[in-house]
Amino acid sequence: MNIAGVVLAGGKSSRYGKPKMFEMYKDKLLYEYSVEALKENSISPIIISTNEKLVPYFSKNDLDFVIEGEAKEYQGPLYAMFNAFSNRPNNDWYFVLACDTPFITADFVKNMIERVANTNVDAIVPIQSDKLQPLFALYHRNCIGKMKEILDKNNRKVQLLFSEVNIMTVQFSSDDLIFKNINSPNDWI
Ligand SMILES: Nc1nc2c(ncn2[C@@H]2O[C@H](COP(=O)(O)OP(=O)(O)OP(=O)(O)O)[C@@H](O)[C@H]2O)c(=O)[nH]1
């Protein structure tokens, strides 16, 4: 069972006012929290999905990842996922994370990937307070065709995929900080 990691880092950051993935929090850049949580679970390759303008700003440091610029920018997470998955269709699963989640942990990633064995669902998606968390989820390559169908109809919502494929949900407690993401500078306060 091979799992690729995909960190989505090509959004507009319009609410933040500047590319939020490069904000420093404690000792790391914001996007590095997601890369590290995947890396600590030996997930390889780890792909950073971004746009051509931002590619030069990702520094490899000691982290091990591949940076990919999308031909069409700002098409949203569903397109970004489709693009990253279909560029490497030989992976069985893709672990998708966003670039703005400083409280993500390697334990969370471990908990999720342990569910991949012996399941025949197409996606494994966390749920917290009745809200699905599609940008912290595992997608099987079976999803690629359905994603294309949704995009071809000019739809962009990741949630639309969940009525087209079989999903397993994983319940998390409402006080778990893992899913907190940073949209604007006020979210740090
Ligand atoms: N590669 C890629 N990632 C994206 C794209 N759109 C959003 N993302 C990422 O998806 C995650 C969630 O995005 P949002 O925070 O909702 O949107 P955003 O565009 O980054 O920020 P806003 O402009 O403030 O809505 C973030 O990690 C984004 O970087 C895209 O078109 N391509």
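Here, residues in each chain are numbered from 1, in the same order as that chain's written sequence. In keeping with the predicted nature of the model, local features appear solely for residues at pLDDT of at least 70, side-chain atom pairs appear and are counted solely at 80 or more, and the whole-chain, interface and lining totals rest on all residues. By convention in this description, side-chain values take in all heavy atoms of the structure and omit both hydrogens and water.

1. Quick notes on the UniProt feature "binding site: Mg(2+)" (unreviewed entry) in the protein
Here's step 1: The UniProt record annotates "binding site: Mg(2+)" (unreviewed entry) at Asp100.
Here's step 2: Helix and strand assignments come from DSSP, with helices taken as H or I runs of at least 4 residues and strands as E runs of at least 2, each series counted from the N terminus. Relative to the elements of secondary structure, Asp100 occurs in the loop between strand E6 (93-98) and helix H3 (106-113).
Here's step 3: Accessibility here uses a 1.4 Å probe with only protein chains present; expressed as a share of the type maximum, an area under 20% marks a residue as buried, one over 50% as exposed, and anything in between as partly exposed. By relative accessible area, Asp100 is classed as buried at 6%.
Here's step 4: Those residues in contact with Asp100 that sit more than four places away from it in its chain are Lys20, Leu30, Lys180, Asn181, Ile182 and Asn183.
Here's step 5: In protein, a polar contact means a hydrogen-donor-capable atom and an acceptor-capable atom, both N or O and within 3.5 Å, with residues adjacent in sequence counting only if both atoms are side-chain atoms; elsewhere, any N or O pair within 3.5 Å suffices. There is a polar contact of 2.9 Å between the side chain of Asp100 and the side chain of Lys20. UniProt positions are given in the numbering used here, feature names are shortened, and annotations may be inferred rather than shown by experiment. What makes two residues a contact is simply this: any of their non-hydrogen atoms within 4.5 Å.

2. Considerations on the layout of surface pockets
Here's step 1: Cavities and pockets are found on a 1 Å grid laid over the protein atoms alone: a cavity is a set of points where a 1.4 Å probe fits but cannot escape, a pocket is an open set with protein on both sides within 12 Å along at least five of seven lines, and a lining residue has an atom within 4 Å of such a point. Grid points are joined across faces, edges and corners, and a volume is the space filled by probe spheres set on the points. What the largest pocket holds in volume is close to 890 Å³.
Here's step 2: Along the walls of the largest pocket sit 34 residues, with Arg15, Lys20, Pro77, Asp100 and Leu135 positioned nearest its centre.
Here's step 3: When residues are sorted by character, Ala, Val, Leu, Ile, Met, Phe, Trp, Tyr, Cys and Pro go into the nonpolar class, Asp, Glu, Lys and Arg into the charged class, and all the rest, Gly among them, into the polar class. In terms of residue class, the lining of the largest pocket is built from 15 nonpolar, eleven polar and eight charged.

3. A word on the site of the ligand
Here's step 1: A cutoff of 4 Å decides nearness: a residue is near a molecule or strand if any of its heavy atoms lies inside that distance of it. Taken together, 22 residues are adjacent to the ligand, and Leu8, Lys12, Ser14, Lys20 and Ser49 come closest.
Here's step 2: Here an oxygen atom of the ligand and a side-chain polar atom of Lys20 are 2.7 Å apart.
Here's step 3: Here a nitrogen atom of the ligand sits 2.7 Å away from a polar atom, N or O, in the side chain of Ser49.
Here's step 4: Surface exposure here means Shrake-Rupley accessible area, sampled with a 1.4 Å probe, where a residue is shielded only by the protein chains that are shown. In isolation the ligand offers 610 Å² of accessible surface; the protein chains occlude 86% of this area.
Here's step 5: Being in a pocket or cavity means that more than half of the molecule's atoms lie within 2 Å of its grid points. Comparing atom positions with the cavity grids shows the ligand to sit within the largest pocket.

4. A few points about the pattern of salt bridges
Here's step 1: Definition used for salt bridges: Asp or Glu carboxyl oxygen within 4 Å of a side-chain nitrogen of Lys or Arg. For the structure shown, the criterion picks out ten salt bridges.
Here's step 2: Asp27 is paired through a salt bridge with Lys28; the nearest N and O atoms lie 3.9 Å apart.
Here's step 3: Judged by relative accessible area, which is 61%, Asp27 ranks as exposed.
Here's step 4: On the basis of relative accessible area, Lys28 is assigned to the buried category, the value being 17%.

5. Quick word on the UniProt feature "binding site: GTP" (unreviewed entry) in the protein
Here's step 1: Residues given the UniProt feature "binding site: GTP" (unreviewed entry) here are Leu8, Ala9, Gly10, Lys20 and Asp100. Despite a sequence span of 93 residues, these residues sit close together in the fold, their greatest C-alpha distance being 12.0 Å. If you take the residues mentioned a moment ago, the ones lining the largest pocket come down to Leu8, Ala9, Gly10, Lys20 and Asp100.
Here's step 2: Locating Gly10 in the fold gives a position in the loop between strand E1 (3-8) and strand E2 (24-25).
Here's step 3: Given a relative accessible area of 15%, Gly10 falls into the buried group.

6. Looking at unusual backbone geometry
Here's step 1: With an omega of 0 degrees, the peptide bond running from Ser44 to Pro45 counts as cis.
Here's step 2: Here Pro45 is to be found in the loop between helix H1 (30-39) and strand E4 (46-51).
Here's step 3: A positive phi angle is found at Ser42, which is not glycine, with a value near 55 degrees.
Here's step 4: Looking at the element boundaries, Ser42 is found in the loop between H1 and E4.
Here's step 5: A relative accessible area of 62% places Ser42 in the exposed class.
Here's step 6: With phi around 45 degrees, Ser129 is a residue other than glycine that occupies positive phi space.
Here's step 7: Of note, Ser129 is situated in the loop between strand E7 (123-128) and strand E8 (131-132).

7. So, H1
Here's step 1: Most of H1 sits inside the fold, with eight of its ten residues counted as buried.
Here's step 2: Of all the residues in H1, the buried ones are Leu30, Tyr31, Glu32, Tyr33, Ser34, Val35, Ala37 and Leu38.
Here's step 3: Looking at the packing, one finds that the buried side of H1 touches E1, E2, strand E3 (28-29), E4, E6 and H3.

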